[in-house]
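Topology and contacts: notes
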Amino acid sequence: MSTFQAPKGTYDLLPPNSSTYLAVREAIAAPLRNSGYGYVETPGFENVELFARGVGESTDIVTKEMYAFETKGGDRLALRPEGTASVLRAALEGNLHKAGNLPVKLWYSGSYYRYERPQKGRYRHFSQVGAEAIGAEDPALDAELIILANDAYRSLGLRNFRILLNSLGDQECRPVYRAALQDFLRGLDLDEDTLRRAEINPLRVLDDKRDAVQRQLVGAPLLRDYLCDACKAYHEEVRELLNAEGVEYEDDPKLVRGLDYYTRTTFEFVHDGLGSQSAVGGGGRYDGLSEMIGGPALPSVGWALGVDRTVLALEAEGVTLDIPAATSVFAVPLGEEARRVLFRVVTELRRGGVATDFSYGGKGLKGAMKNANRSGARLTIVAGERDLAEGLVQLKDMESGDQVAVPVTEVVEAVRARLA
Ligand code: ATP
Ligand code: MG
């Protein structure tokens, strides 16, 4: 039988690189934890209808990219392609919005699934860290989220990213713009698919990546010229809050999130070292989404950052994260008696919070020391038969190479003193 391979469009996270992924998730989560966001975890799959409504029937995600299936019991489910719809569903189901504490601020981290054409930075299984602030309309909340994502990226050492910012208007001003854009699009030389899209969701045509389409869009009407006074003031406030914090952004009047109920603030983080998969994260305000999935009116804003692309961005900038070695102490027993004695020492050190590993498999000194080196441990405890007969072990400093004999009864203390 041939050996198995990870499915197309997926890859495994393995040590030592996997520690970078953990560190990225942690770095994105840290500013959220520090800003009143509570952790939420939802199932890896949901009723397919939630995404059809919550992401949008006409989006690529729903029409082409969803892993939808029917269970043996006849339920129509889909692997989650994104987080917002699930998180909002969970908040509504758990009545978090009724606890009298709006906005409900939540963060999440997990796996997402989209049936896409795999390429660098585009996978069928990928991971996101996201944040949602549910139930408040306040430009400071939009600014807060943009600042937190910006801080997360900067804390990782990323510099070559840009923030694109736009406003999509609201139920009052967008329909007027939509009609004007549709009029404009109808006069262009577009293929049938794109013309159909122009009828269903014209804003998404602005997001078309093809040159032939973009060239025709040069004179397209822009939403910013159609914003109502309330939307204009709201957007201006978001921009001023970002300016005051020194967060740089580019106004991008063609940036859309495509969905009809996405409103007002919309933004994307793009990294310039990633080629065509340049979006490392994106988000915006979705004031209409709760009602779309059967909830009350709950104006909300959120973002999702892609962990995979963030790791690629680190590579593109040549940033290596300062991740401390997983192991501080490595124990090398030589012989049966030493094995029993050191195993107890190792357990005691671990219980006392010292990251410790052990040479398994009855290796000789040379092989065991190789493992000790690879573990990155600062100290190695070597116990041989002759030392042990005198109640001693050798404590070796891996950096300086210095070695001292220490009574086995005192080795835990000696290790602590040296690591302190
Ligand atoms: P793109 O335009 O690149 O397809 P998107 O608009 O579909 O991105 P979002 O739904 O906004 O992406 O998801 C937020 C982030 O999740 C993206 O900015 C990206 O970093 C990441 N992401 C989305 N799809 C994938 C994927 N297939 N593989 C890896 N990362 C992804
Ligand atoms: Mg996509």
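Residues numbered from 1 in each chain as written. Chains lettered and ligands numbered in written order. Predicted model: local features only at pLDDT ≥ 70, side-chain atom pairs only at ≥ 80, totals over all residues. Heavy atoms only, no water.

All chains considered together, the criterion is met by 28 salt bridges. Residue arginine 350 pairs with aspartate 357 through a salt bridge whose shortest N-O separation is 3.6 Å. With a relative accessible area of 29%, aspartate 357 lands in the partly exposed category. What you see here is one network of salt bridges that share partners, running through Asp60, Lys64, Arg197 and Arg204. (Salt bridge = Lys/Arg side-chain N within 4 Å of Asp/Glu carboxyl O. Buried < 20%, exposed > 50% of the residue type's maximum accessible area, 1.4 Å probe, protein only.)

Given two aromatic rings, their pairing is described by the distance between the two centres and the angle made by the two planes. According to the stated counting rule, one finds 14 aromatic pairs in the structure shown. Centre to centre, the rings of phenylalanine 161 and phenylalanine 269 are 6.2 Å apart; their planes meet at 40°, and the pair counts as tilted. With phenylalanine 161 in strand β7 (residues 161-167) and phenylalanine 269 in strand β9 (residues 263-271), the pair connects residues that are 108 residues apart, well separated along the chain. With a relative accessible area of 10%, phenylalanine 161 lands in the buried category. A connected cluster of aromatic rings, assembled from ring pairs, spans Tyr153, Phe161, Phe267 and Phe269. Directly above the ring of tyrosine 115 sits arginine 124, whose terminal nitrogen or CZ lies 4.1 Å from the centroid. Here the basic side chain of arginine 264 rests over the ring of tyrosine 234, its NZ or CZ set 4.8 Å away from the ring centre. (Phe/Tyr/Trp six-rings, centres within 6.5 Å; stacked < 30°, edge-to-face > 60°. Helix = DSSP H or I, 4+ residues; strand = E, 2+ residues; numbered from the N terminus. Lys NZ or Arg CZ within 6 Å of the ring centre and 35° of its normal.)

With omega at 5°, the peptide bond leading from proline 15 into proline 16 counts as cis. Among the secondary structure elements, proline 16 is positioned in the segment before α1 (18-33). In this structure, proline 103 follows leucine 102 across a cis peptide bond, with omega equal to 0°. Looking at the secondary structure, you find proline 103 in the loop between α4 (84-93) and β5 (104-113). With a phi angle near 55°, asparagine 95 is a residue other than glycine that sits in the positive phi range. When you line up the elements, asparagine 95 lands in the loop between α4 and β5. The class for asparagine 95 is partly exposed, based on a relative accessible area of 35%.

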